[in-house]
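The lines below spell out each chain.
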Amino acid sequence: MNVYQELKARGFIYQETDSSAIEKKLTEEKVVFYCGFDPTGNCLHIGHLLPVMAMRLLQRAGHIPVALVGGATGQIGDPSGRNTARNMLTKETVAENVKSIQAQLSRFIRLEDGAAYFANNNDWFAEVKLLDFLRDIGSKFSVNRMLAQKSVENRLENGLSFLEFSYSLLQGYDFYYLNKTLNCTLEIGGQDQWGNMVAGTELVRRMYNEEREVHCLTIPLLINPATGQKFGKSIGGASVWLDSNRTSVFDYYQFWRNCDDSMIEDLLKKFVLDIPVEEAESLVRSGNINRAKEILAYEATKLAHGEKAAADAYLAAGCKFGFADPDKKIQTTSSIMQLNEAAAKEDSIPSCEIPAENFEGDGMWIPKIMVEAGLCKSSSDARRLIQGGAVSIDDVKITDPTRNIKLNEIHGDSFTIRSGKKNFRKIRLK
RNA sequence: GGUGGGGUUGCAGAGCGGUCAAAUGCAGUAGACUGUAAAUCUACCGGUUGUACCUUCGAUGGUCCGAAUCCAUCCCCCACCA
């Protein structure tokens, strides 16, 4: 199976400019390709991961990724897939975001020995002169054509500023620039980027009078077929972040572990590149779908947070909820096989420190503890949860929302508070 | 610049002087059932050590016993015309 076939088999291809040309290129030469990321936030979340995985796959096959973080375009905001304009970010915020996003990407993409490049389009747009740009680039774009773009069409109803309208020129220019300087000949991106990406390939061709051939391909949007929801959000409506300070490793593991049945095969193929496609299929059909989910969660966590953290999360979760295949009947190439379930421990359950003096005297009000631990956003919320019978401390159900926890009720220097079946916090006294 | 229509609690979208912390749908959370899944049913879904008080309906002022609702000014959006 060549890289192109693997991309296809794992479901990374939605639209492409010329499939046989792309296949030929990817199998015969070392290709420099690029993928853009919006620095709208300072942290990547699960939703960003899809193109990152495609980049990883291509890099593994010897191609050279260029991760472009849009320091310049981020100041504009892509109108694709939006009904309203984005909030404008200050230049400083964008610059900071670029930095932290690059840091996060470097966990997924190998950088050493020129194996990949990071680029920030602010580096070249800062130099561009308006008149030159309009003459050289603007002249190659047809407004008629741009108006026909889906992303523009949708926005025409609600209004679209010229700033946003020009987004595809800028993205196109990125491709031209990267082609000129790094000989980048392929762009990959999300399904919603198709219009912008094609604009880029056309620009490059026109700039060289059709003599250069460049291509692009889009990755399909991941949709949960059961709910019709876009994959990527969740864990309480909040994003699942790749930064362990925002989403703990345990929660990250749990996110994958709790994936929908209908998505498991797709997720394994796309997010666990180390498991061959056939194995992913057979795991799902093994009759033990929960083992497949454990493997997915373990491997995905391993990629984002490292082997040790992933193992801890797996063991901690198994300790709380049980293991799907403790006897290891199901064969897999995953290193999950080497883990010892008997050594299960709770250490990696998210924890929170609270000064011991809070528990002295009358003790600490339970809703306060829950807010402090990040289990809920307000004490009203906590009170409701308690009234709904969702809360327990060290497996003893709490029914009285006015209750306080006193120092003498705590055994040792920690206790576990839980809200619902799946949310735990270990509270450590300090 | 003119005319008309708007800005409501995460989103969509009612309300158009008191009965409004604000209908309904979606999203979300919890409980039951399960497989840490889905579907289904039930409850919750601004804040507050608790049923009364506080802060919310673009902003600021005003009318009124009382305003999301009326008036004025301002800001922003949309449509049509210029």
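The paragraphs below set out a description of the structure included in this document. (Residues numbered from 1 in each chain as written. Chains lettered and ligands numbered in written order. Predicted model: local features only at pLDDT ≥ 70, side-chain atom pairs only at ≥ 80, totals over all residues. Heavy atoms only, no water.)

Describing the protein's contact with RNA strand B
Stage number 1. Near RNA strand B lie 37 residues; those nearest to it are Gln254, Asn258, Asp261, Ser380 and Arg383.
Stage number 2. Here RNA strand B approaches the protein such that, of its atoms within 4 Å, sugar and phosphate make up 58%.
Stage number 3. Contributions of two or more residues to the surface near RNA strand B are made by helix 8 (150–158), helix 12 (249–257), helix 15 (289–305), helix 16 (307–321) and helix 18 (379–387).
Stage number 4. For the surface near RNA strand B, the leading source of residues is helix 18, giving six residues.
Stage number 5. Tallied by class, the residues present in the surface near RNA strand B amount to nine nonpolar, 18 polar and 10 charged. (Near = heavy atom within 4 Å. Helix = DSSP H or I, 4+ residues; strand = E, 2+ residues; numbered from the N terminus. Nonpolar A, V, L, I, M, F, W, Y, C, P; charged D, E, K, R; others polar.)

Notes on the sheet that holds strand 1 (residues 32–37)
Stage number 1. Ordered in space as 3-2-1-4-5, the five strands form an open sheet in which the pairing is parallel. In the strand order of this sheet, the two ends are held by strand 3 (117–120) and strand 5 (215–219), each with one partner. Strand after strand, the sheet turns through a mean of 25° between neighbouring axes, direction not considered.
Stage number 2. Here four bridges tie strand 2 (residues 64–69) to strand 3, and the two strands are oriented parallel to one another. When the bridges of strand 3 are listed, Val69 appears paired with Asn120.
Stage number 3. Relative to strand 5, helix 2 (residues 19–28) is tilted by about 100°, and along the sheet it contacts strand 4 (184–190) and strand 5.
Stage number 4. In the packing of helix 3 (residues 49–60) onto the sheet, contacts are made with strand 1, strand 2, strand 4 and strand 5, and the angle to strand 1 comes to roughly 165°. (Pairing = 2+ DSSP bridges. Axes fitted to C-alpha atoms, helices over the stretch in contact; angles between N-to-C directions. Contact = heavy atoms within 4.5 Å.)

As for the nonpolar core
Stage number 1. Formed by 76 residues in total, the largest nonpolar core has its most connected members in Phe12, Ile188, Phe231, Trp256, Leu267, Leu268 and Phe271.
Stage number 2. Among the elements that line this core, the one with the most residues is helix 3, at eight residues.
Stage number 3. Excluding residues that lie within four positions of it along the chain, Leu268 makes contacts with Arg10, Ala280, Leu283, Val284, Ala292 and Leu296.
Stage number 4. Judged by nonpolar contacts, the second largest core, of 26 residues, contains Val32, Val66, Phe141 and Leu170. (Core = buried A, V, L, I, M, F, W, Y, C linked by side-chain atoms within 4.5 Å. Buried < 20%, exposed > 50% of the residue type's maximum accessible area, 1.4 Å probe, protein only.)

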